[in-house]
Amino acid sequence: MAIIQLPQDLKFGVATAAYQIEGAANEDGRGQSIWDTFSKTPGKVDNGDNGDIACDSYHRYEEDVQLIKELGTDMYRFSVSWPRIFPNGTGEVNQKGLDYYHKLVDALIQNDIEPMCTLYHWDLPQALQDKGGWANRDTIEAFVQYAELMFQEFGGKIKKWITINEPWCVSFLSNYIGEHAPGHTDLQLAVDVSHHLLVAHGKAVKAFRRLGIENGEIGIAPNSTWKEPFSTEQEDKDACQREIGFIIDWFFEPLFKGQYPDYLVEWYKQKGATVHIAEGDMKLIQEPIDFVGINYYDGSVARYKKNSGLFDCEMIDMGYNRTDIGWPIYPEGFYKMLTYVHNKYGDTPIYITENGACYNDDVHNNEVNDIGRINYLKTHIAALQRAMDSGVPVKGYICWSLLDNFEWAKGYTMRFGLVHINYRTLERTPKDSYYWYQKIIQNKWYEL
Ligand code: GCO
């Protein structure tokens, strides 16, 4: 048995995202997003599920705030649905959309929960996608206009802001692999989108500074992963580094060093895609941020796979357990990734903006015995503590997710919540992991 002792000042949180929990897709003037379109395109989402109702948090936010209150977290990370604010992406503002987020944020503050607001968690207004989406530079301007409005409207109440969630997913997963909305499979498009997202982020940060939000902090939340070379062969090491590079360095290096990694620029070029950088872009991207959010779920041992195209790093099954979504459980990777990022990109404070696990346990006698999730959290928070002991400046840990919710292309088949949702009755049942997390937030220690 080991005792994990956590710093007293480590902040805890839980996270959600608008399209995954809100529902009320056609209410109060909300416009359509690319996820409405995508989820209604046959074959894109398991079971043909969509976010029309989801957890109905739009109507049940008070109950959800009470669940967070009882859980005892310092923070709640949520996202704003851009098409609720600008139904057409730009132009006319929908007051009812603003009203909803005021009610939510007021309820959080009244209950001593600090709001952390993500501006873009994947629900691009369809009207902007119709004009090329993130591949069109006009979307950068539309995003900045939306961000400015949000800063002005909520800057007095919301102090922590995240511009963009998981830019790798928004670009490569959604525009090259095609697994997420808008579902394209074009490498050039993906590379363009990745660059425009970073420019949009930098411009929004600049606007944030210009508006001078008192005590405000702003950052971005990139993906992460870890790949441990299967062997000492150079080609295995290179393939693992490249994979880490695609996911981490392609975004971190511009943000912190003002350039793209040369070997990846070359790699994409060999596959026919170039980065189109306009004058001033790299300077904008490097606009200093107050923290960086990092999302971590999984990693693995991996090796080079010959003739496999763009992504040539193949996971090797070492018999590690997997969560119910099939992702290998690799807490060691969490530690390694954090020390890698810290060594390479310096001392910018870090929030773990997402970490959590998919287990599909159901309710029995009003309880959900999700021991798998508890074990996942135990081992990952232990790895986090090890990273903090090694000097990684982590300020907070935010668990994904408060509620079971619409898991993108997996629809409602995969559950990540600390609270179970019955999708028929929308009843909320806190799981065992909820009570476990509640205890460690109070105690700041636990037994492994
Ligand atoms: C993410 C997404 C979440 C997912 C979670 C589990 O940022 O990847 O933010 O929305 O639900 O990661 O896949």
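This text goes with the structure placed above it.
Residues numbered from 1 in each chain as written. Predicted model: local features only at pLDDT ≥ 70, side-chain atom pairs only at ≥ 80, totals over all residues. Heavy atoms only, no water.

## Side note on the sheet that holds strand β5 (residues 160-165)
Okay, step 1: Judged by pairing direction, the barrel is parallel, and its eight strands sit side by side in the order β2-β3-β4-β5-β6-β8-β11-β12 before closing back on the first. Recorded for the sheet is a direction-independent mean angle of 25° between the axes of neighbouring strands.
Okay, step 2: When β5 meets strand β6 (residues 217-221), the two strands line up parallel, connected through four bridges. Bridge pairing in β6 places Asn165 opposite Ala221.
Okay, step 3: Seen against the sheet, helix α5 (residues 95-110) touches β3 (75-79) and β4 (114-120) and runs at an angle of roughly 170° to β3.
Okay, step 4: Along the sheet, helix α8 (residues 167-175) contacts β4, β5 and β6; its crossing angle with β5, the most-contacted strand, is approximately 10°. (Pairing = 2+ DSSP bridges. Helix = DSSP H or I, 4+ residues; strand = E, 2+ residues; numbered from the N terminus. Axes fitted to C-alpha atoms, helices over the stretch in contact; angles between N-to-C directions. Contact = heavy atoms within 4.5 Å.)

## Notes on the site of the ligand
Okay, step 1: Surrounding the ligand, one finds 13 residues, the nearest of these being Gln20, His121, Glu166, Glu354 and Glu407.
Okay, step 2: In the model, an oxygen atom of the ligand is placed 2.6 Å from a nitrogen or oxygen of the His121 side chain.
Okay, step 3: Interatomic distance of 3.0 Å between a side-chain N/O atom of Tyr297 and an oxygen atom of the ligand.
Okay, step 4: In the complex, the protein chains occlude 95% of the 310 Å² of accessible area that the ligand would expose alone.
Okay, step 5: When the residues that make up the shell around the ligand are grouped by side-chain class, the tally is six nonpolar, four polar and three charged. (Near = heavy atom within 4 Å. Polar contact = N/O pair within 3.5 Å; in protein donor to acceptor, adjacent residues only side chain to side chain. Areas by Shrake-Rupley, 256 points an atom, 1.4 Å probe, with all protein chains shown as cover. Nonpolar A, V, L, I, M, F, W, Y, C, P; charged D, E, K, R; others polar.)

## A look at the pairing of strand β2 (residues 11-15)
Okay, step 1: Along β2, four of the five residues are buried, which leaves the element largely enclosed by surrounding structure.
Okay, step 2: Note: β2 against strand β12 (residues 394-400), five bridges, orientation parallel. Residue pairing in the sheet places Lys11 in a bridge with Gly396 of β12.
Okay, step 3: Of the strand pairs in this sheet, β2 and β3 are connected by three bridges, and their pairing is parallel. (Buried < 20%, exposed > 50% of the residue type's maximum accessible area, 1.4 Å probe, protein only.)

## Focus: the sheet that holds strand β10 (residues 313-315)
Okay, step 1: On the basis of which strands lie adjacent, the open sheet formed by three strands has the order β7-β9-β10 and mixed pairing. Strand pairing shows two members of the sheet lacking a second neighbour, β7 (226-229) and β10, which therefore form its edges. On average, each strand axis in the sheet is inclined to that of its neighbour by 50°, with strand direction left out of account.
Okay, step 2: Relative to β10, strand β9 (residues 299-304) is paired through three bridges, and the arrangement is antiparallel.

## Structural notes on a nonpolar patch on the surface
Okay, step 1: Judged by side-chain polarity, Met1, Ile3 and Trp445 come together as a nonpolar surface patch covering roughly 360 Å² of accessible area.
Okay, step 2: The residue Trp445 is located in strand β15 (residues 445-447) in this model. (Patch = residues over 30% accessible without salt bridge, like charges linked within 9 Å, V, L, I, M, F, W, Y side chains within 5 Å. Salt bridge = Lys/Arg side-chain N within 4 Å of Asp/Glu carboxyl O.)

## Here we look at unusual backbone geometry
Okay, step 1: A cis geometry characterises the amide bond from Ala181 onward to Pro182, with omega recorded as 10°.
Okay, step 2: Counting through the fold element by element, Pro182 comes out in the loop between α8 and α9 (187-211).
Okay, step 3: Residue Ser401 is reached from Trp400 by a cis peptide bond, and omega for that bond is 15°.
Okay, step 4: Following the sequence through the fold, Ser401 ends up in the loop between β12 and β13 (419-421).
Okay, step 5: Backbone geometry places Asp28, a non-glycine residue, at a positive phi of 50°.
Okay, step 6: Structurally, Asp28 can be placed in the loop between α1 (18-21) and α2 (34-39).
Okay, step 7: The class for Asp28 is partly exposed, based on a relative accessible area of 33%.
Okay, step 8: Here the phi dihedral of Ala54 falls at roughly 45°; this positive angle occurs in a residue that is not glycine.

## A short note on the pattern of salt bridges
Okay, step 1: Applying the stated criterion across every chain, the model contains 21 salt bridges.
Okay, step 2: In this structure, the salt-bridge partner of Arg428 is Asp64, at a minimum N-O distance of 2.8 Å. Linking Arg428 in strand β14 (residues 428-430) with Asp64 in helix α3 (residues 57-71), this pair joins segments that are 364 residues apart in sequence. Side by side, Arg428 and Asp64 carry an identical accessibility label, which is buried.
Okay, step 3: For Glu141, the salt bridge goes to Lys203, with nearest N and O atoms at 2.9 Å. Note that Glu141 is positioned in helix α7 (residues 138-154) and Lys203 in helix α9, a separation of 62 residues in sequence.

## What about the packing of α8 against helix α10 (residues 234-257)?
Helix packing geometry: the angle between the two helix axes and the distance between the axes.
Okay, step 1: Look at α8 against α10: their axes get within 10 Å of each other, and the N-to-C directions meet at 125°. When the axis of α8 is compared with that of α10, the two are oblique. Note on packing geometry: the crossing formed by α8 with α10 is right-handed. Facing α8, whose interface residues are Pro167, Trp168, Ser171 and Phe172, α10 presents Phe246, Ile247, Trp250 and Phe251.
Okay, step 2: Of the residues belonging to the contact of α8 with α10, the class tally is seven nonpolar, one polar and no charged. (Parallel < 35°, antiparallel > 145°, perpendicular 65-115°, else oblique. Left-handed = near helix turned anticlockwise from the far one by under 90°.)

## Thoughts on the side chain of His380
Okay, step 1: Position of His380 relative to the elements: it lies in helix α14 (residues 371-389).
Okay, step 2: Taking relative accessible area as the criterion, His380 reaches 0% and is therefore assigned buried.
Okay, step 3: If near-sequence neighbours (up to four positions away) are discounted, His380 is found in contact with Tyr296, Tyr297, Ile329, Tyr330, Pro331, Phe334 and Asn355.

## Remarks on the state of the cysteines
Okay, step 1: Applying the stated rule across the entire model yields zero disulfides.
Okay, step 2: For the unlinked cysteine Cys313, the closest cysteine sulfur is that of Cys240, found at 4.1 Å.
Okay, step 3: On the accessibility criterion, Cys313 (15% relative accessible area) is buried.
Okay, step 4: Looking at the unpaired Cys358, the closest cysteine sulfur is the one in Cys399, lying at 13 Å.
Okay, step 5: Among the residues examined, Cys358 registers a relative accessible area of 0% and is labelled buried. (Disulfide = S-S within 2.5 Å.)

All quantities given are derived from atomic positions and should not be read as evidence of function.
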